[in-house]
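Next come the chains, spelled out residue by residue.
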Amino acid sequence: MRSRLLVSAAGLIIWGCSSPPSTPPAEPFGDVQVLPLGPLTYFQAHCARCHGPYGAFYPEPFKSDPATLVTRIDEMARGPGDSPLDAANLAAQVAFHRVMRAGGVFLSLTSIEGGLVRGEASAGAEVEIVGPWGRMTAEVDGHLWKCRIDDVSGPWVVEGRIGSERSTLNPRKRAYTVPGGGG
Ligand code: HEC
């Protein structure tokens, strides 16, 4: 009984603090992961002219083994892509390639401004944000999505779906999904 009381008191404190902030904090999660240079937007701008939209012209499977793939993407970004990637964006681009090849749904989170959350998803995906307040359907435009949520400081995740393929992005862990559907 006592522990139950403590739990609900803690719940009140957490949710009490997070209910509508008058000025939204710049980084509402504190440790939230956001990647302003979305991997899909980058790919479409710098790689798609040779490798097709979202990599449609790539050989299947890749000729490169998983370790070489990282080096190849790095070289391509510096060379024909003409737009070198830093370590964080290279890792995200590699994750996009791996998810694409595994046939999964790729998701990224590119910005949080006030209650407006934006990101990317594999073309054709339906995107929802799921939090303590329920499920919100994101507006999808090509590979970009956006969604206004009531409380950005709570524990929410982004879910993507294409047919029976699903993936979940947990923004406290990473700003993009990796193969296996995790975030
Ligand atoms: C001007 C055309 C061109 C552009 C632009 C280009 N590539 Fe390439 N890319 C190639 C060619 C040609 C190959 C095949 C070379 C080979 O087999 O070694 C290749 C190979 C690759 C491979 C290896 C594929 C496999 O089967 O292992 C990857 C990965 C790759 N590119 C990623 C990228 C990325 C990421 C970008 C954007 C930053 C990019 N490329 C931009 C022409 C291009």
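You'll find the structure just up there.
Along every chain, residues carry numbers that run from 1 in the direction the sequence is written. Local features in a predicted model are, by the rule used here, given only for residues with pLDDT of at least 70; side-chain atom pairs are given and counted only at 80 or more, and totals for whole chains, interfaces and linings are based on all residues.

Right, let's talk about the sheet that holds strand S8 (residues 165-169) for a bit. Only when DSSP finds a minimum of two bridges between them are two strands counted as paired. The helix count covers DSSP runs of H or I at least four residues long, the strand count covers runs of E at least two residues long, and both are numbered beginning at the N terminus. Spatially, 4 strands are ordered S4-S3-S7-S8 in an open sheet, and the strand pairing comes out antiparallel. Whereas interior strands pair on both sides, the edge strands pair on one side only; in this sheet they are strand S4 (134-137) and S8. Each adjacent strand pair in this sheet contributes to an overall mean axis angle of 25 degrees, direction not counted. The angle between two axes is taken between their N-to-C directions and runs from 0 to 180 degrees, where each axis is a line fitted to C-alpha atoms and a helix contributes only its stretch in contact.

This next bit is on the pairing of strand S3 (residues 126-131). Looking at chain direction, S3 and strand S7 (residues 157-162) are connected through 5 bridges and run antiparallel. Looking at the pairing, Glu-126 lines up with Arg-161 of S7. The turn joining S3 and S4, which pair antiparallel and follow one another in sequence, is formed by 2 residues.

The next point concerns the pairing of strand S6 (residues 144-148). Relative to S6, strand S2 (residues 116-121) is paired through 5 bridges, and the arrangement is antiparallel. Looking across to S6, one finds that Val-117 is bridged to Cys-147. Examined bridge by bridge, strand S5 (residues 139-141) and S6 share 3 bridges and lie antiparallel to one another. The residue of S6 that forms the bridge with Glu-139 is Lys-146. Connecting S5 to the antiparallel partner S6 that follows it, the hairpin turn spans 2 residues, and Gly-142 within it adopts a positive phi of roughly 65 degrees.

Residue proximity rests on one test: whether the C-beta atom, placed from the backbone, lies within 6 Å of the molecule or strand. In the vicinity of the ligand there are 19 residues, among which Cys-47, Cys-50, Ser-64, Met-76 and Gly-81 approach most closely. Listing elements by their share of the shell around the ligand, those giving two or more residues are helix H3 (48-51), helix H4 (66-78) and helix H5 (87-102). It is H4 that provides the largest number of residues to the shell around the ligand, a total of 5 residues. Of the residues assigned to the shell around the ligand, the class counts are 10 nonpolar, 6 polar and 3 charged. In the scheme used here, Gly and all other residues not listed as nonpolar or charged are polar, with Ala, Val, Leu, Ile, Met, Phe, Trp, Tyr, Cys and Pro taken as nonpolar and Asp, Glu, Lys and Arg as charged.

The next thing to look at is the sheet that holds strand S1 (residues 107-113). Strand order in the open sheet formed by 4 strands is S1-S2-S6-S5, with antiparallel pairing between adjacent strands. Of all the strands in the sheet, just S1 and S5 have a single pairing partner and so form its edges. Sheet twist, expressed as the mean angle between neighbouring strand axes with direction ignored, is 20 degrees.

Here we take up the packing of helix H2 (residues 39-46) against H5. For the pair H2 and H5, interaxial distance at closest approach is 9 Å and the crossing angle is 85 degrees. Taken together, H2 and H5 sit at an angle that is classed as roughly perpendicular. Residues Pro-39, Leu-40, Tyr-42 and Phe-43 of H2 form the contact with H5, whose own contacting residues are Ala-92, Gln-93 and Phe-96. Each residue belonging to the contact of H2 with H5 can be placed in one class, and the counts come to 6 nonpolar, 1 polar and no charged. By the definition adopted for this analysis, an angle is roughly parallel if under 35 degrees, roughly antiparallel if over 145, roughly perpendicular if from 65 to 115, and oblique otherwise. Think of it this way: build a C-beta for each residue from its backbone, and any pair within 7 Å is a contact.

Below, the discussion takes up the nonpolar core. Side chains of a nonpolar character, in soluble globular proteins, are inclined to be buried together. With 28 residues, the main nonpolar core has Phe-96, Phe-106, Leu-107, Ala-121, Val-127, Val-158 and Tyr-176 as its most contacted residues. The element best represented in this core is H5, accounting for 4 residues. Not counting residues up to four positions away in its chain, the partners in contact with Phe-96 are Pro-39, Leu-40, Phe-43 and Phe-106. Residues enter a nonpolar core if they are buried, belong to Ala, Val, Leu, Ile, Met, Phe, Trp, Tyr or Cys, and are joined to the set through C-beta atoms within 7 Å. Comment: burial labels come from other C-beta atoms within 10 Å of the residue's own C-beta, placed from the backbone, where a count of 20 or more is buried, 12 or fewer is exposed, and between is partly exposed.

Here the bond from Glu-60 into Pro-61 is cis, since omega is -5 degrees, no more than 30 degrees from zero. You can see Pro-61 is positioned in the loop between H3 and H4. Unlike most non-glycine residues, Tyr-54 shows phi in positive territory, near 55 degrees. Looking at where Tyr-54 falls in the secondary structure, it is placed in the loop between H3 and H4.

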